[in-house]
Every structure is written in structure tokens, then in C-alpha cells.
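# Descriptive analysis of the structure
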Amino acid sequence: MTTPVRLLIADDQDMVRVGLATILDAEPSIEVVGQARDGREAVDLVRSLRPDVCVFDIRMPVVDGIEATRQVAGPEVEDPVPVIVITTFDQDEYVYDALRAGARGFLLKDADPDLLARAVRSAAEGDALIAPAVTARLLSTFASSRVGSVADPTDPLTPREESVLDLVAAGRTNSEIAEDLHLSMSTVKTHVGALMTKLAARNRVELVIWAYESGRVDGHRPP
């Protein structure tokens, strides 16, 4: 039997936090090991409980979700814990900042239980699940002002890597990319790994951010 993913949930709204915990703890593959009402408590619990994955709300008192994410998953953290941020449409700019702080993915608070569970399992496996409904709207809006500000790839991307990058930026999982491009899962993982190396990305979220910041999405691909 597979060991359940140990999950920590942080949200200052009791109803939301308890609701998420109830939904996700009902999944056989997930065990909720802690709950926090603010970002400071969340960071303390991460350090004491060492969960496999965290789900953080963006707006929390004391320490907000962005700073909490930076403290447990940021570039300077030696042993980062995957973080999924949850938000609503009127908080888009905060989600973008959270992704830059090291979040592994993001979802809307009204995401269905299956999607929430998939996001948690994906994060635990080193993958990322970005809600397709908000990917283009969020990143194209807040990356547009930064187009051209990213570093060039260490080596040119191949046409196949370009195709894989487009699908990663669209929020596709590895299995969906494999189906779309008629590739094996191992081949897709190889391409994703090559992209991370060439773009100096730590995870899929950073690949998505790079794709938008470089202008390669929404018809603005540079020549």
C-alpha cells in the first residue's frame, strides 16, 4: 500500500480550511497532518511536522501566503516543501508573486475535489498542476510587463521542446502532453528535464513563468 501524502493546510477562514481538510483527508492517498490559521503558524508547522505538501491561501494574517511560501519553498531554502497556493480571481496578482516565491502550483478555491487531490499528488511527485482556467489569464496579464526580461536558454530549444513548453504553459500534465504529441511518458519527462536545464528552471511552474515572460505564449513567440 502506497504511503499517503502528508498534507498541511493553511487558511485563516475556518470554514474554508476545515472544508479543504475534510475533502482531502477523505482521499485514501492523502493524510492531513496539520492546519494553520496564519502564515507564521504555517511556517512553524512545516518546520516541526515536515509535511510532503502544503496548501496555502494567499491572503493570511501575520505572515501572508506569499512570504510563507518563500520561507518554506523559496530559492534560498535548502530542503523546500512543495506548496500549492489557492486563491480567487480577484487575487491574481498575488498568485503570480507566489509562483515567483517558489509555489509549485495554484488553484482556485472553488476547484472540484478531484482537481484538488490531483494537485496535491502531483506536487508530492515533483510535478505541478496549474488550473487551466486561470493560467493564460493570470500569467499573460502579469508577465506581459516583463516580456524580454528573462535570460536566454543556455542552448537553443529544439522544435519538440518548443511544443512541449507550449503545452506545459497551457497547464497540461505529462500524461496529457504524451497523448497530445503521441510520445511516451519517459520521452516527455526527458524533454521537460531538458527544458528545465536549458531555462535554469527548478520546476514546471518556473517553466510556465519563463514561457510567458519571454513572450513565447499567446502568439508573441520571438523569432
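Residues numbered from 1 in each chain as written. Predicted model: local features only at pLDDT ≥ 70, side-chain atom pairs only at ≥ 80, totals over all residues. Heavy atoms only, no water.

From N to C terminus, the protein chain includes 10 helices and 5 strands. In the protein chain, which comprises 223 residues, the proportion classed as buried is 51%. For the protein chain, the share of sequence-separated contacts (at least 6 apart) that also reach a separation of at least 24 residues comes to 65%. (Helix = DSSP H or I, 4+ residues; strand = E, 2+ residues; numbered from the N terminus. Buried < 20%, exposed > 50% of the residue type's maximum accessible area, 1.4 Å probe, protein only. Contact = heavy atoms within 4.5 Å.)

On to the UniProt feature "modified residue: 4-aspartylphosphate" (unreviewed entry) in the protein chain, then. Under the present numbering, the feature "modified residue: 4-aspartylphosphate" (unreviewed entry) in UniProt falls on Asp57. With respect to the helices and strands, the residue Asp57 is situated in strand β3 (residues 53–57). Look past the residues within four positions of Asp57 in its chain and what remains in contact with it is Ala10, Asp11, Asp12, Gly65, Ile86 and Lys109. (UniProt positions renumbered as here; feature names shortened; annotations may be inferred.)

On to the environment of Ala119. By the secondary structure assignment, Ala119 is in helix α5 (residues 113–124). Judged by relative accessible area, Ala119 falls into the buried class, the value being 3%. It is 7.6 Å that separates the C-alpha atoms of Ala119 and Ile84, two residues lying 35 residues apart in sequence.

In this section: the pattern of salt bridges. Under the defined criterion, the tally for this structure stands at 9 salt bridges. Ionic pairing is found between Asp11 and Lys109, a salt bridge with its closest N-O pair at 3.3 Å. Here Lys109 lies in the loop between β5 (105–108) and α5 and Asp11 lies in the loop between β1 (5–10) and α1 (14–25), a separation of 98 residues in the sequence. Arg121 is paired through a salt bridge with Glu27; the nearest N and O atoms lie 3.5 Å apart. Taken as a pair, Arg121 in helix α5 and Glu27 in the loop between α1 and β2 (30–36) lie far apart in primary sequence, 94 residues in all. The class of Arg121 is partly exposed, set by a relative accessible area of 26%. Judged by its relative accessible area of 22%, Glu27 is partly exposed. In this structure, a network of salt bridges that share partners links the residues Asp11, Asp57 and Lys109. (Salt bridge = Lys/Arg side-chain N within 4 Å of Asp/Glu carboxyl O.)

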